[in-house]
Amino acid sequence: MTTPFGWGWTNVLDPVVAGRAQFAVALTIHIIFAALSVGLGPFLVYFVVQEIRTGEQRYARLREFFTKVFALGFVMGTVTGIPLGFMFGTNFAAFSTIAGELIGGPLSFEAKMAFFLEAAFLGILLYGRERVPEWFYALSSGFVALGAWLSAFWILVANAWMQTPRGYELVERGGRTVAQLTDPMAAFFTPRLPWLFVHMQSAAIISVTLVIAGIAAYFVYHNRDSEVWNTALRAAVVVLLVMSVFQVFHGDLYARHVADTQPQKFAAMEAQYETSTGADLHVIAVPTSLDALDNPRAENLFTVNIPNLASFLASGGDPSAEITGLNEFNYDSPPVALVFWSFRIMVGLGFWFVGLGLWGGYRLLRGGIRTSDRYLVALMGSAPLGFTALITGWYVTEVGRQPWIIQGVLRTSEGATIGLSSAEATLSLLGVAAVYGTALVTFCYLVRQYVRSERERLLPPTAGDGDSGPDSGSDSEAGQQVVGSDD
Amino acid sequence: MTELVSTAAVQYPVESLPELWFAFVFAVLGAYLLLDGFDFGVGMLYARADGDERETMHAAFGPVWKANEVWLVLFGTVLFAAFPAVYANVLSRHYLLIFAILAALVLRGIGSKLREERDSDRWHRVCDRSFVAGSTLAPFFLGMLVANWRFGFESTINGTAIAVGLLLVTLSVVLGASFLTIKTRGDLRRTMRRYGRLGSVGYVAVSLATIGYIALAEPGGSPAPSTAETAAAVGGTIAFAALGIVANRRRRDYGWALSVAGLALVFVGYLAWTMRPFVDPAAALSIREAVVSPVALEVNSIVAVTFVPLIIGYFVLLYSVFSGPATAGDY
């Protein structure tokens, strides 16, 4: 393919590499907005229902604040999501042709079942409070949340098929091999789907809970008696406690399923090159030199191992179970270091969330959650960490599947568009990186603005106080500065 | 293309199911060009409005544009679900054009959403520029894409594509003027009626110029439309434009809106009707060759038949909740 423009620059980047980088950048940023809708949806329903049921002002305030965040996230999610759908066609044309019956279907179901529902009822949620009856307003919030969940469901149907494909057969059509749908139920409800869906939705809820907890902690720190934000804080801590504990147990079972169905991914997660029995698990792995970063099994790695635990976890109880090493597979390994470290960051953060949940639960029982400075600061600092765990977890899922785009069927390099020029691919990569980066920065900036104006509402600025200065709150401890966790 | 083992013997539950899906894909495209078309028109007419009028226009557009834009996603995904090879071919063939469309939609969406977030003149100016630029470029690039797809051009930039781009820009202006006439009152409404009449005349002129250009400068295309088909399209366009102008003058605003929708219908109808039996003329792929297997098409059909009526229901609901004139500050 030739560029429509006469640019002289060529081969800036390999078009396949540029296309993969572009998809990775786009997805890393889009997944934040997508997970925000999924996680915030149930909270919105809760706030709306409580507002209508109790008639209390605090719920109306929380509903207003988080509806604004939700709407902003929804627009950013649409802006970053529409291109993503088209990138299957632009950059992975061969994959789209081959797997169209299995990927195109779920994506169109997502549009039909989820997007219209979400977009139409969001208009009512945002602008229709005075225009529709209360019960209908509550129903609208439910439909918006349902839309976000259905959307995630169908996307994960498509992704789960790429991890554990079935319900299809390869046939010749028009001189090309394509995957033809033979059993829709088998193809849409693959073995991976329940694992992926539960783990992802739970991760989205935890991520959003941490953001709500961080914001609420910030306001409570500055105004210990804020009824609105103590309500949000308590709700968030309870949800965090339940979901973080659930996620750890679920994650353990999920890893076992991965070891069964995608042994090469499990081996990459554990950086296990040679097949071994009684494999150890690195609980903590700290690189002591730069080499160890891209070779997690290097000797100069400070590790705390639990003997046989990797085998134990993979098999679900047998400490001497065999773990197939990466060298056993007759194809390239995934980028082991990326998978290994992403997995460790995710798991490490997961345990930190359990800690935060237990700590908060203890504080709730003993009273004094609103006066525990250390806990409130910990929550503020942890606000973005849920999304960090979610993104690194997604890297484990996607990078760990490499070199396959469809496990065992099609390599990612074979799925790319043929004949795309390097100039085109590089140009679109730069554009996508710039636009998506701007979208994320703008989103964070505006949420920070929301938090600021809420703070001004909570704490009328004292006379002569400028609009700057991190701590103008009158009732917080003098001189104590808070790290900005509101973005 | 002649030796197709698997497409020769296949049986669909309804014999013409592939053709119905071809029609459905274009119906969704038409719905998108109609609904987001008036959003684009609002964005272009916005450039000519003053401060208060702009607030009113935002109030009219705010609650509905996000749902309108979803029709583009539906178009992309039903094309993917029913004709994956066409989806892959067209998008990868016109790679940078696709990203140009997406960039224009980003400018439009971000510009209109972010405007309300801060109350400063400079912020509003930047957002407004982004909104107007995106609303103008999006239909232009979409027109280019549609022309390249229909006529099977390999190169993205050509006279026909530019002409059809301008055609969609003009159509969007008329659609936007019609929508705003229904949603506003007073001076703004009078101005919109006038722009609507001017735009309709402009649309007929650009249509004739486009048809003339294709006939003289870039004849052929593939497959070439017959003279009868073209004459019918020109006749339909002139008739709907004339009906629209009459309705506009008599202040029958809904009648005018229907006539404008007729213009969009003629445009998409001509496109689809003259493309048959091909669905990707550049690759000489016919509907039957590019369509997915019967099992996949059947599943797609069940979901479409179930959910498209629901989607139409959401739109009826959304537009009736937000019916009546928009007032500045509602947004």
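What counts as what
Residues numbered from 1 in each chain as written. Chains lettered and ligands numbered in written order. Predicted model: local features only at pLDDT ≥ 70, side-chain atom pairs only at ≥ 80, totals over all residues. Heavy atoms only, no water. UniProt positions renumbered as here; feature names shortened; annotations may be inferred. Helix = DSSP H or I, 4+ residues; strand = E, 2+ residues; numbered from the N terminus. Rg over C-alpha atoms; globule rule 2.2 N^0.38 Å. Buried < 20%, exposed > 50% of the residue type's maximum accessible area, 1.4 Å probe, protein only. Contact = heavy atoms within 4.5 Å. Areas by Shrake-Rupley, 256 points an atom, 1.4 Å probe, with all protein chains shown as cover. Lys, Arg positive; Asp, Glu negative; His and termini not counted. Charge placed at Lys NZ, Arg CZ, Asp CG, Glu CD. Domains from an automatic or database assignment. Buried area = accessible area lost by both parts, 1.4 Å probe. Salt bridge = Lys/Arg side-chain N within 4 Å of Asp/Glu carboxyl O. Polar contact = N/O pair within 3.5 Å; in protein donor to acceptor, adjacent residues only side chain to side chain. Nonpolar A, V, L, I, M, F, W, Y, C, P; charged D, E, K, R; others polar. pLDDT = per-residue confidence, 0-100. Phe/Tyr/Trp six-rings, centres within 6.5 Å; stacked < 30°, edge-to-face > 60°. Axes fitted to C-alpha atoms, helices over the stretch in contact; angles between N-to-C directions. Parallel < 35°, antiparallel > 145°, perpendicular 65-115°, else oblique. Left-handed = near helix turned anticlockwise from the far one by under 90°. Pairing = 2+ DSSP bridges. Patch = residues over 30% accessible without salt bridge, like charges linked within 9 Å, V, L, I, M, F, W, Y side chains within 5 Å. Expected span 1.5 Å × (residues − 1). Bend = angle between axes of the 7 residues up to and from the residue.

Looking at an unreviewed UniProt entry, one finds chain B named Cytochrome d ubiquinol oxidase subunit II, with Natrialba aegyptia DSM 13077 as its source organism. Under the heading Subcellular location (unreviewed entry), UniProt records this for chain B: "Cell membrane".

Colleague: Account for the overall build of chain A, with residues named and values stated.
Modeller: Counting its secondary structure elements, chain A contains 15 helices and eight strands. For 487 residues, the compact-globule estimate of 2.2 N^0.38 gives 23 Å, and chain A sits close to it at 24 Å. Projected onto the principal axes, the alpha-carbon positions of chain A cover approximately 75 × 55 × 50 Å. Per-residue burial for chain A yields a buried fraction of 59% across its 487 residues. Considering only contacts in chain A between residues 6 or more positions apart, those separated by 24 or more positions represent 78%.

Colleague: Describe the overall build of chain B, listing the residues and the values that go with them.
Modeller: Assigned secondary structure in chain B consists of 13 helices and two strands. In terms of C-alpha radius of gyration, chain B reaches 20 Å, essentially the compact-globule figure of 20 Å for 331 residues. Expressed as a percentage of the 331 residues in chain B, the buried residues total 61%. If you take every contact in chain B between residues at least 6 apart in sequence, the share linking residues at least 24 apart comes to 81%. Just so you have it, chain B exposes about 12600 Å², and 66% of that area is on carbon and sulfur atoms. Considering chain B, the positive charge centre built from 25 side chains and the negative charge centre built from 24 side chains are found 10 Å apart.

Colleague: Which residues make up the domain arrangement of chain A, and what are the values?
Modeller: Interfaces are frequently sized by the accessible area removed from exposure as the parts join. Residue and element names in this part refer to chain A. Looking at the assigned domains, one finds that chain A contains domain 1 (15–267 + 332–458) and domain 2 (276–323). For domain 1 and domain 2, the distance between their C-alpha centroids amounts to 29 Å. With nine residues of domain 1 in contact, the opposing surface of domain 2 contributes 14 residues. Between domain 1 and domain 2 the total buried area reaches about 940 Å² when both faces are included, carbon and sulfur atoms providing 70% of it. Where domain 1 touches domain 2, the interface holds zero salt bridges. Counting every contact that joins domain 1 to domain 2 gives zero residue pairs in polar contact (both at pLDDT 80 or more). Only helix 7 (227–261) and helix 11 (336–366) provide two or more residues apiece to the side of domain 1 that touches domain 2. Here the side of domain 1 that touches domain 2 takes five residues from helix 11, the largest share from any one element. Counted by class, the side of domain 1 that touches domain 2 contains six nonpolar, no polar and three charged residues.

Colleague: Residue-level account of the pattern of salt bridges, with values.
Modeller: All names here are of chain A. Considering all chains together, one arrives at 27 salt bridges over all chains under this definition. Residues Asp225 and Arg370 are paired through a salt bridge, measuring 3.7 Å at the closest nitrogen-oxygen approach. One end of the pair, Asp225, is in the loop between helix 6 (192–222) and helix 7; the other, Arg370, is in the loop between helix 11 and helix 12 (373–382), with 145 residues separating them in the sequence. A relative accessible area of 60% means that Asp225 is categorised as exposed. With its nearest N and O atoms 2.9 Å apart, the salt bridge here joins Glu398 to Arg401.

Colleague: I'd like to hear about the confidence of the model for chain B, residue by residue, with values.
Modeller: Looking at chain B as a whole, the pLDDT averages 90, with 95% of positions reaching at least 70. Here residues 1–8 of chain B is modelled with pLDDT under 50, and outside its nearest four sequence neighbours on either side it reaches 11 contacts, counting other chains as well.

Colleague: Tell me about the packing of aromatic side chains, and please be specific about residues and values.
Modeller: Aromatic rings considered in pairs are described by the distance between their centres and by the relative angle of their planes. Residues and elements named next belong to chain A. In the structure shown here, the tally under the stated rule is 50 aromatic pairs over all chains. Between the aromatic rings of Phe23 and Phe92, the centroid separation amounts to 5.7 Å while the plane-to-plane angle is 85 degrees, which identifies the pairing as edge-to-face. Of the two residues, Phe23 is situated in helix 1 (residues 15–54) and Phe92 in the loop between helix 2 (57–91) and helix 3 (93–127); the sequence distance between them amounts to 69 residues. For Phe23, a relative accessible area of 18% puts it in the buried group. Seen in terms of ring centroids, Tyr218 and Phe219 are 5.6 Å apart; in terms of plane orientation they differ by 65 degrees. Their pairing is edge-to-face. Exposure remark for Phe219: the relative accessible area of 0% places this residue in the buried category. The rings of Phe43, Tyr46, Phe47, Tyr59, Phe65, Phe66, Tyr218, Phe219 and Trp229 are connected pair by pair, giving a single aromatic cluster.

Colleague: Which residues make up unusual backbone geometry, and what values do they have?
Modeller: Backbone torsion omega between Gln402 of chain A and Pro403 of chain A reads 5 degrees, so that peptide bond is classified as cis. Tracing the chain through its elements places Pro403 of chain A in the loop between helix 13 (385–399) and strand 7 (404–406). A positive phi angle, close to 60 degrees, is found at Arg251 of chain B, a residue other than glycine. If you trace the backbone, Arg251 of chain B turns up in the loop between helix 10 (227–249) and helix 11 (253–275). Positive phi outside glycine occurs at Ala284 of chain B, with the angle close to 50 degrees. Relative to the helices and strands, Ala284 of chain B resides in the loop between strand 1 (278–280) and strand 2 (285–286). Using a relative accessible area of 35% as the deciding quantity, one classes Ala284 of chain B as partly exposed.

Colleague: An account of the packing of helix 6 (residues 95–115) of chain B against helix 7 (residues 121–151) of chain B is requested, with residue identities and associated values reported.
Modeller: All names here are of chain B. It is at 7 Å that the axes of helix 6 and helix 7 come closest, and there the two elements cross at 150 degrees. Of the possible angle classes, the one that applies to helix 6 and helix 7 is roughly antiparallel. Here the hand of the crossing between helix 6 and helix 7 comes out left-handed. Across the contact of helix 6 with helix 7, the residue classes tally to 17 nonpolar, seven polar and three charged.

Colleague: Go over the interface of chain A and chain B, please, and point to the residues and values.
Modeller: On the chain B side, the residues contacting the 71 residues of chain A number 63 residues. In total, chain A and chain B occlude about 5600 Å² of area from one another, counting both sides; carbon and sulfur atoms represent 79% of this. If you sort the residues of chain A by the area they bury against chain B, Lys112, Phe116 and Tyr127 of chain A come out on top, with a joint share of 15%. Linking chain A to chain B there are zero salt bridges. Inspection of the region where chain A meets chain B yields seven residue pairs in polar contact (both at pLDDT 80 or more). At the level of secondary structure, the elements contributing two or more residues to the side of chain A that touches chain B comprise helix 2, helix 3, strand 1 (168–173), strand 2 (176–181), helix 5 (184–188) and helix 15 (422–458) of chain A.

Colleague: Outline the pairing of strand 1 of chain A, supporting the account with residue identities and numerical values.
Modeller: Residues and elements named next belong to chain A. Taken together, the six bridges between strand 1 and strand 2 define a ladder with antiparallel strand orientation. Of the residues in strand 2, the one forming a bridge with Glu169 is Gln180. In sequence, strand 1 turns back onto strand 2 through a hairpin of two residues, with Gly174 there showing a positive phi of about 55 degrees.

Colleague: Tell me about the confidence of the model for chain A, and name the residues and values.
Modeller: Caution is warranted with low-pLDDT regions, since their predicted coordinates should not be read in detail. All names here are of chain A. With 91% of its residues at a pLDDT of 70 or more, chain A shows a mean pLDDT of 87. Every residue in residues 1–10 is under pLDDT 50, and counting partners more than four places away or in other chains gives 22 contacts. Note that pLDDT drops below 50 for residues 463–487; the model gives that stretch 37 contacts with residues more than four away or on any other chain.

Colleague: I'd like to hear about a positive patch on the surface, residue by residue, with values.
Modeller: Residue and element names in this part refer to chain B. Taken together, the side chains of Arg118, Arg122, Arg125 and Arg129 present a region of like positive charge at the surface. By the secondary structure assignment, Arg129 is in helix 7. When its relative accessible area of 59% is taken as the criterion, Arg129 is described as exposed.

Colleague: Could you give an account of helix 2 of chain A, naming the residues involved and the relevant values?
Modeller: Here helix 2 of chain A contains 35 residues, and its C-alpha end-to-end distance of 50 Å stays within 8% of the 51 Å for a straight helix at 1.5 Å per residue. A bend of about 30 degrees at Gly85 of chain A is the largest found in helix 2 of chain A.

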